[in-house]
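Tertiary structure, described
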Amino acid sequence: MPTLVNYSGDDEIYSGGSFYTNPTDLGRLYSVGSHVDVYSPACKRARISAPFLFGSSGFEQNKRPSIEVLPDECLFEIFRRVPEGKERSSCACVSKKWLMLLSSIRRSEFCNSNTEDEEKETAPAVCNDVEMVSCEDNREVESDGYLTRSLEGKKATDMRLAAIAVGTSSRGGLGKLLIRGSNSVRRVTNLGLSAIARGCPSLRALSLWNVPFVGDEGLFEIAKECHLLEKLDLSNCPSISNKGLIAIAENCPNLSSLNIESCSMIGNEGLQAIGKLCPKLQSISVKDCPLLGDHGVSSLLSSASSVLTRVKLQALNITDFSLAVIGHYGKAVMNLSLSGLQHVSEKGFWVMGNAKGLQKLSSLTITSCRGITDVSLEAIAKGSVNLKQMCLRKCCFVSDNGLVAFAKAAGSLESLQLEECNRVTQSGIVGVLSNCGTKLKALSLVKCMGIKDMAFRMPVPSPCSSLRYLSIRNCPGFGSASLAMVGKLCPQLQHVDLSGLCRITDAGLLPLLETCEAGLVKVNLSDCMSLNDEVVSALARLHGGTLELLNLDGCRKITDASLVAIAENCLFLSDLDVSKCAVTDSGIAILSSAEQLNLQVLSLSGCSEVSNKSLPCLKKMGRTLVGLNLQNCSSISSSTVELLVESLWRCDILT
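In the annotation of an unreviewed UniProt entry, the protein chain is listed under the name F-box domain-containing protein and assigned to Dovyalis caffra.

Okay, structure coming up:
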């Protein structure tokens, strides 16, 4: 680790103060306050130059005065007069005691805090002896216009926080602090957070994850000193209670974003104070707080109804009453996410929709809520006239009828995502596409097990000409017949993701390719194991003038013939993935000889037939490649890889 402060003193200086023959005198060297960890590094052997007195007990060195004998009160008065910048940071490098004393001084208590001649040059806060690290270790970056530090795992200690507080003071102070976890031995406690509060009054964003030894006292100090705080993120902080949150509400009027997750001591009182005392609150996210109920949620939403734009509630013990309040007071809410609300019934969601208060709602996500049924889903669509994005996950009571009714009522809907909604069938998907109006641009289906492949016997409804993005992933019942029907209903597709559909064949995909009038830009066919060269050739021939990305990962029937079609027809293809395909050196040679092809990313992972013979071809393509994946290519030797790494210096090669 690089030395943080260039020390130019005498190498003969040793730690521990003056040299005493009486061991009891050494106690004064470590007279640190009860709240500071004692640090006693191994002393260097002193180079004795003073006269000695030899006696029966050996020899003695004349005692010399040391600053260490001064009480903390005197050191405090000295340190508060030290100029900001390099001098103050150099003092912090002397010992842990000095560092902790410096970090205990508030910025307002320094005598020269407002002088024009204070030192602007800053050295990092402390050297190796007190276990500080360089900027890279602390992940110091400029974010949102102010200084940001991030401490994770074993690097998160009180001592590092104290050093950050001292070291960043001359840069205007820390603006954003993220703590992820805590050292198992030297934990992050209230002491470290207090040091940040005193040294960084300009703190605007604070994130605490998995810090069980930080409690209300630490938040009290943050609230007392950091009045500019705008964002607070608390996750798995069991020692923080309503008292700490109330202190933040009372002293940080600029708070605009609050995230609380798995904080078992935070309940209704804390959230109620936030709603009443934080007039600028725009975003609230609360998850898995067992003490929080209807009273806290309803009070917050009713108090901050005019400014609150983003609400996320997960795994809470709230009932229909809270959703009724959301529907009535959520006049400014634009993004709403509800997940795992087991005590909310169909009535709660129905009332939320019929309250007509969610007029500005544009994005709604509902996950694992048993209260979402066909009836309540239609009510939400009618009450949210500006809803553009809808995501339903694990909503087991939503069927085709509710989905079609929702599509008819949601006139502004642009994106619909269904995940693990197993009562939805092929009929429901066709109904959505034919009744969604003219604004639906994206449809995504993930793990919908209720979709079965069957021929559609009814007359073909009117197509959905607005749809540009279609994603059907890991739906095992979705086959060629279903895909052919979807292709007829979506003539303007540009992005298609059919990954994991092992049942679709060339016969099912070809109609979709032939009906796409706008030209496909991105196509993902990964793990569609029944496809062969015929469909890739048709894709290249029909859409080679627009195709930019093609993913054939896991399509084991794809051979060099597909690469020939790609090389001849694809003019703008930049990303090609043929991992685990049956391509060989001949196919790579064909790709490299295509003058119009300018691949930037090529993935050959698991292509056992590609060998060292492809080295010249890969070098040739290297003039445009920025990414090359050669993982699990058993026929390519390590020496060949080394040659590629040396030649393609601008390309990121995975092996």
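This is not the end of the story, as more comes after the structure.
Attention shifts here to the overall build of the protein chain. Helix and strand counts for the protein chain stand at 22 helices and 23 strands. Taken across its 655 residues, the protein chain has 53% of its residues classed as buried. The long-range share in the protein chain, meaning contacts at least 24 apart out of those at least 6 apart in sequence, stands at 81%.

Attention now goes to the pattern of salt bridges. Counted under the stated rule, the structure contains six salt bridges. The salt bridge partner of Lys 382 is Glu 378, with a shortest N-O separation of 3.3 Å. Of this pair, Lys 382 and Glu 378 both sit in helix H13 (residues 374–383), four residues apart, which is roughly one turn of the helix. Judged by relative accessible area, Lys 382 falls into the partly exposed class, the value being 47%.

On to the packing of helix H14 (residues 400–409) against helix H15 (residues 426–435), then. Any two packed helices are characterised by the angle at which their axes cross and by the distance between the axes. The N-to-C vectors of H14 and H15 enclose an angle of 10°; their axes lie 9 Å apart at closest approach. As the angle between them shows, H14 and H15 are arranged roughly parallel. Contact residues: Asp 400, Leu 403, Val 404, Ala 407 and Lys 408 in H14; Ser 427, Gly 428, Gly 431, Val 432 and Asn 435 in H15. Taken together, the residues of the contact of H14 with H15 break down into four nonpolar, four polar and two charged.

Most of strand E12 (residues 363–367) sits inside the fold, with five of its five residues counted as buried. Going residue by residue along E12, you find Ser 363, Thr 365 and Thr 367 tucked away on one face and Leu 364 and Ile 366 tucked away on the opposite face as well. Alignment of strand E11 (residues 335–339) against E12, held across five bridges, turns out to be parallel. Each residue of the ladder has a partner; that of Ser 337, found in E12, is Thr 365. Examined bridge by bridge, E12 and strand E13 (residues 389–393) share five bridges and lie parallel to one another. When the bridges of E13 are listed, Ser 363 appears paired with Gln 389.

Where helix H12 (residues 346–354) contacts H13, the axes come no closer than 7 Å and their chain directions differ by 15°. Compared by their axis directions, H12 and H13 come out roughly parallel. In this structure, H12 meets H13 at a crossing whose hand is left-handed. Where H12 approaches H13, its residues Glu 346, Phe 349, Trp 350, Met 352, Gly 353 and Asn 354 are matched on the opposing element by Val 375, Ser 376, Ala 379, Ile 380 and Gly 383. Split into classes, the residues belonging to the contact of H12 with H13 amount to six nonpolar, four polar and one charged.

Evaluated as defined, the whole model comprises zero aromatic pairs. Residue placement shows Arg 180 over the ring face of Trp 209; its charged tip is 3.7 Å from the ring centre.

This part takes up H15. With respect to burial, H15 is a largely interior element, seven of its 10 residues being buried. Residues of H15 that are buried include every one of Gln 426, Gly 428, Ile 429, Val 430, Gly 431, Val 432 and Leu 433, and no others. Along its buried surface, H15 packs onto H14, strand E14 (415–419), strand E15 (442–446) and helix H16 (480–489). Just beyond H15, the residue with positive phi is Gly 437, at close to 85°.

In this structure, Ala 315 takes a positive phi of about 50° despite not being glycine. Here Ala 315 lies in the loop between strand E10 (310–314) and helix H11 (320–329). Look at Ser 368: it is not a glycine, yet its phi comes out positive at around 50°. Residue position: Ser 368 is located in the loop between E12 and H13. Under the relative-accessibility criterion, Ser 368 is labelled partly exposed at 23%.

Here we take up the pairing of E14. Direction of pairing for E13 relative to E14: parallel, over a ladder of five bridges. In the sheet register, Leu 392 faces E14, and the bridge partner there is Leu 418. Note: E14 against E15, five bridges, orientation parallel. What sits directly across from Gln 417, in E15, is Ser 444. This β-α-β element, E14 to H15 to E15, shows right-handed connectivity.

Moving on, we come to the environment of Asn 532. Along the polypeptide, Asn 532 turns up in the loop between strand E18 (522–524) and helix H18 (533–543). By relative accessible area, which is 28% here, Asn 532 ends up partly exposed. Each C-alpha atom of the pair Asn 532 and Ala 561 lies 9.7 Å from the other, and the pair is 29 residues apart in sequence. Setting aside residues up to four positions removed in sequence, Asn 532 forms contacts with Asp 506, Lys 557 and Ile 558. Among the polar contacts made by the side chain of Asn 532, one reaches the side chain of Asp 506 at a distance of 3.2 Å. In this structure the side chain of Asn 532 is engaged in a polar contact, spanning 3.0 Å, whose partner is the backbone nitrogen of Glu 534.

Counting across every chain of the model gives zero disulfides. Unpaired in terms of disulfides, Cys 490 finds its nearest cysteine sulfur in Cys 464, a separation of 5.9 Å.

One can find Thr 189 in the loop between strand E5 (176–180) and helix H6 (190–199). Each C-alpha atom of the pair Thr 189 and Thr 157 lies 7.9 Å from the other, and the pair is 32 residues apart in sequence. In contact with Thr 189, not counting residues within four places along its chain, are Asp 158, Phe 213 and Val 214. Among the polar contacts listed, one links the side chain of Thr 189 to the side chain of Asp 158, at a separation of 2.4 Å.

Moving on to the side chain of Ser 285. Tracing the chain through its elements places Ser 285 in strand E9 (residues 283–287). The exposure class of Ser 285 is buried, given its relative accessible area of 13%. Residue contacts for Ser 285: discarding those within four places in its chain leaves Leu 258, Asn 259, Ile 260 and Lys 312.

This next bit is on the confidence of the model for the protein chain. Overall, the prediction assigns the protein chain a mean pLDDT of 83, with 79% of residues at 70 or greater. The model gives residues 1–61 a pLDDT under 50, and that stretch makes 70 contacts with residues more than four places away or in other chains. Note on residues 113–142: pLDDT under 50 across the span, and 84 contacts to partners over four residues away in sequence or across chains.

Moving on, we get to H11. Count 3.6 residues to each turn of an α-helix, and residues three or four apart come out pointing the same way. Looking at H11, one finds that the buried residues are Ser 322, Leu 323, Val 325, Ile 326 and Gly 327. On its buried face, H11 sits against helix H10 (294–303), E10, E11 and H12.

The next point concerns a positive patch on the surface. Together, Lys 388, Lys 439, Lys 441 and Arg 468 make up a positively charged patch on the protein surface. For Lys 439, the position within the fold is in the loop between H15 and E15.

Each value, and the rule that gives it
- Residues numbered from 1 in each chain as written.
- Predicted model: local features only at pLDDT ≥ 70, side-chain atom pairs only at ≥ 80, totals over all residues.
- Heavy atoms only, no water.
- Helix = DSSP H or I, 4+ residues; strand = E, 2+ residues; numbered from the N terminus.
- Buried < 20%, exposed > 50% of the residue type's maximum accessible area, 1.4 Å probe, protein only.
- Contact = heavy atoms within 4.5 Å.
- Salt bridge = Lys/Arg side-chain N within 4 Å of Asp/Glu carboxyl O.
- Axes fitted to C-alpha atoms, helices over the stretch in contact; angles between N-to-C directions.
- Parallel < 35°, antiparallel > 145°, perpendicular 65-115°, else oblique.
- Nonpolar A, V, L, I, M, F, W, Y, C, P; charged D, E, K, R; others polar.
- Pairing = 2+ DSSP bridges.
- Left-handed = near helix turned anticlockwise from the far one by under 90°.
- Phe/Tyr/Trp six-rings, centres within 6.5 Å; stacked < 30°, edge-to-face > 60°.
- Lys NZ or Arg CZ within 6 Å of the ring centre and 35° of its normal.
- Right-handed = clockwise from strand over helix to strand, strands pointing away.
- Polar contact = N/O pair within 3.5 Å; in protein donor to acceptor, adjacent residues only side chain to side chain.
- Disulfide = S-S within 2.5 Å.
- pLDDT = per-residue confidence, 0-100.
- Patch = residues over 30% accessible without salt bridge, like charges linked within 9 Å, V, L, I, M, F, W, Y side chains within 5 Å.
- Areas by Shrake-Rupley, 256 points an atom, 1.4 Å probe, with all protein chains shown as cover.
- Lys, Arg positive; Asp, Glu negative; His and termini not counted.
- Charge placed at Lys NZ, Arg CZ, Asp CG, Glu CD.

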